[in-house]
Amino acid sequence: MKKLIASVITLLILLSCCLIAAFPTSATDINYDDFDIIDGVLLEYVGPGGDVVVPAVDEDGNPVTRIDTKAFYGNTDVTSVVVPEGIEELGNSVFQDCTNLTEVTLPYSLHTADYNTFKSTALMSIVIPGNLRVIPSSFVVAPCADIVISPGVEEFKVGALYVGKACSELIFPESVYKIAASAFCYFSLDTSLYFCNPDIELGEPSEYAVHTDKTSAIIWNPAGRELKYKFYCLDDSTVEEFVKEYQQDTVTTHKGEQWYVNASFIKVSQEKLDELEEQCEERGITKAPVTDSTGDNNGTNENGNNSSENNTQPDNNANSANSQDSSLLLIVIIVAVTVVIIAVCVMVVILVVLKNKRKKKKKDK
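How should I be thinking about the packing of aromatic side chains in this particular structure?
Two measures describe an aromatic ring pair: the distance that separates the ring centres and the angle between the ring planes. The full count for this structure, using the stated rule, is 11 aromatic pairs. Relative to Tyr45, the ring of Phe35 has its centre 5.3 Å away and its plane inclined at 55°; by these criteria the two rings are tilted. Pair noted here: Phe35 is in strand S1 (residues 35-38) and Tyr45 is in strand S2 (residues 41-45), with a separation of 10 residues, a long-range link. Note on Phe35: relative accessible area 8%, which makes it buried. Ring geometry for Phe118 against Phe139: centres 5.5 Å apart, planes inclined by 85°, an arrangement best described as edge-to-face. Remark: Phe139 occurs in the loop between strand S11 (134-135) and strand S12 (140-141) and Phe118 occurs in strand S9 (residues 118-119); sequence separation between them is 21 residues. Across this residue pair, the class does not change: Phe118 and Phe139 are buried. Taken together through their ring pairs, the aromatic side chains of Phe35, Tyr45, Phe72, Phe95, Phe118 and Phe139 make up a single cluster. The side chain of Lys70 reaches across the aromatic face of Tyr73, ending 4.8 Å from its centre.

Structure below.
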């Protein structure tokens, strides 16, 4: 009898495990204890780290639209972050000093980011969404080997990308019309820069720029390094003029140190620039992942924006309600099936006990 009961209990446990495995928890089932969210603003992440998915809505189903200043600051346990569609703003130093952060996914809805966003992180790649028009200072300070600039991005502020000598190629889509002085630093010694906009403004001075000339280099490096930067664009473009005047054999002194900048201009055809623009489209983030009633994504216009302004952002409240309904249905199913299994097991035990009693009575007679 004891063996039978033990077997039934074991079977019950196994069936329960199978049920849980068959109905896994949805990715939208987020532990809200890990996040301090008030009035749609994620103030601080207090979770265990690892792979973090930022919630698109709070516990009441209200949309989260901003990750506040220093929300993840100095968290060395975070290794990857997914910022969901619906987040529109990142405060300054949001992920600064997250030294083990290697991966990040940004949404198209993001239109504002403050300085030092990914400063002193371990990011190896990043796709900058097209809705983020202005890239702030120290946006990425990391060993990034692959940076994708989506069509829609327009301007790079001073010191926007310090990418740890790893990035060997960077394509600026036609939408980029301005790059400030000293925008890039510590790039690979053999970096190729492609400019799809032949009229782009380069080297705009800034009060924070290392170079304070009227116009100056967009790349700067420590003295003594052999540089082989290549600037690709159409013939007779502003890029060609800029390289000849400001990026060839020039020396700038900053805080007592000399910084050498050098580059060569290489002419490319319009067809080549068109190919590069298509590559930015394919790899970039140029629209919000909106799904209509038929399940198809809405179309985009030539700028990469959604054709319907009303559908630019997903309905976070609807998504939350659907997620909560699905979770509730899942719990009901699991509980119901578990109750049925327990009832069946109890019935089996009762039948076995009754059968054994009958046998015992027969023996006693």
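How do you make sense of the sheet that holds strand S5 (residues 78-82) when you look at a structure like this?
Pairing between the strands of a sheet comes from backbone hydrogen bonds, and it takes one of two forms, parallel or antiparallel. Within the open sheet, the three strands sit side by side as S3-S5-S7. Their pairing is parallel. Of all the strands in the sheet, the pair left with one neighbour each is strand S3 (50-53) and strand S7 (103-105). Each strand of the sheet is rotated relative to its neighbour by a mean of 20°, with strand direction disregarded.

Whenever I open this one, helix H2 (residues 238-246) confuses me. Can you help?
Because each turn of an α-helix spans 3.6 residues, side chains separated by three or four positions in sequence point in the same direction. Those residues of H2 not exposed but buried are Val239, Glu240, Phe242 and Val243. Axial view of H2: buried residues confined to an arc of 165°, hence all on one face. For H2, the exposed residues lying more than 90 degrees away from the buried face are Glu241, Lys244 and Glu245. Tucked inside the fold, the buried residues of H2 contact strand S19 (192-195), strand S20 (201-204), strand S22 (229-233) and strand S25 (263-267).

Explain the side chain of Thr191 to me, please; I cannot follow it from the model alone.
Locating Thr191 in the fold gives a position in the loop between strand S18 (184-185) and S19. Polar contacts involving the side chain of Thr191 include one to the main-chain carbonyl oxygen of Cys167, which spans 3.3 Å. Those residues in contact with Thr191 that sit more than four places away from it in its chain are Cys167, Ser168, Lys228, Tyr229 and Lys230.

When you look at a negative patch on the surface in this model, what are you seeing that I'm missing?
A contiguous patch of negative charge on the surface is contributed by Glu174, Glu271, Asp274, Glu275, Glu278, Glu281 and Glu282. Its place among the elements puts Glu271 in helix H3 (residues 270-283). Look at Glu271 and you get exposed, because its relative accessible area is 54%.

Rules of the game
- Residues numbered from 1 in each chain as written.
- Predicted model: local features only at pLDDT ≥ 70, side-chain atom pairs only at ≥ 80, totals over all residues.
- Heavy atoms only, no water.
- Phe/Tyr/Trp six-rings, centres within 6.5 Å; stacked < 30°, edge-to-face > 60°.
- Helix = DSSP H or I, 4+ residues; strand = E, 2+ residues; numbered from the N terminus.
- Buried < 20%, exposed > 50% of the residue type's maximum accessible area, 1.4 Å probe, protein only.
- Lys NZ or Arg CZ within 6 Å of the ring centre and 35° of its normal.
- Pairing = 2+ DSSP bridges.
- Axes fitted to C-alpha atoms, helices over the stretch in contact; angles between N-to-C directions.
- Arc of directions from axis to C-beta.
- Contact = heavy atoms within 4.5 Å.
- Polar contact = N/O pair within 3.5 Å; in protein donor to acceptor, adjacent residues only side chain to side chain.
- Patch = residues over 30% accessible without salt bridge, like charges linked within 9 Å, V, L, I, M, F, W, Y side chains within 5 Å.
- Areas by Shrake-Rupley, 256 points an atom, 1.4 Å probe, with all protein chains shown as cover.
- Salt bridge = Lys/Arg side-chain N within 4 Å of Asp/Glu carboxyl O.
- Lys, Arg positive; Asp, Glu negative; His and termini not counted.
- Charge placed at Lys NZ, Arg CZ, Asp CG, Glu CD.

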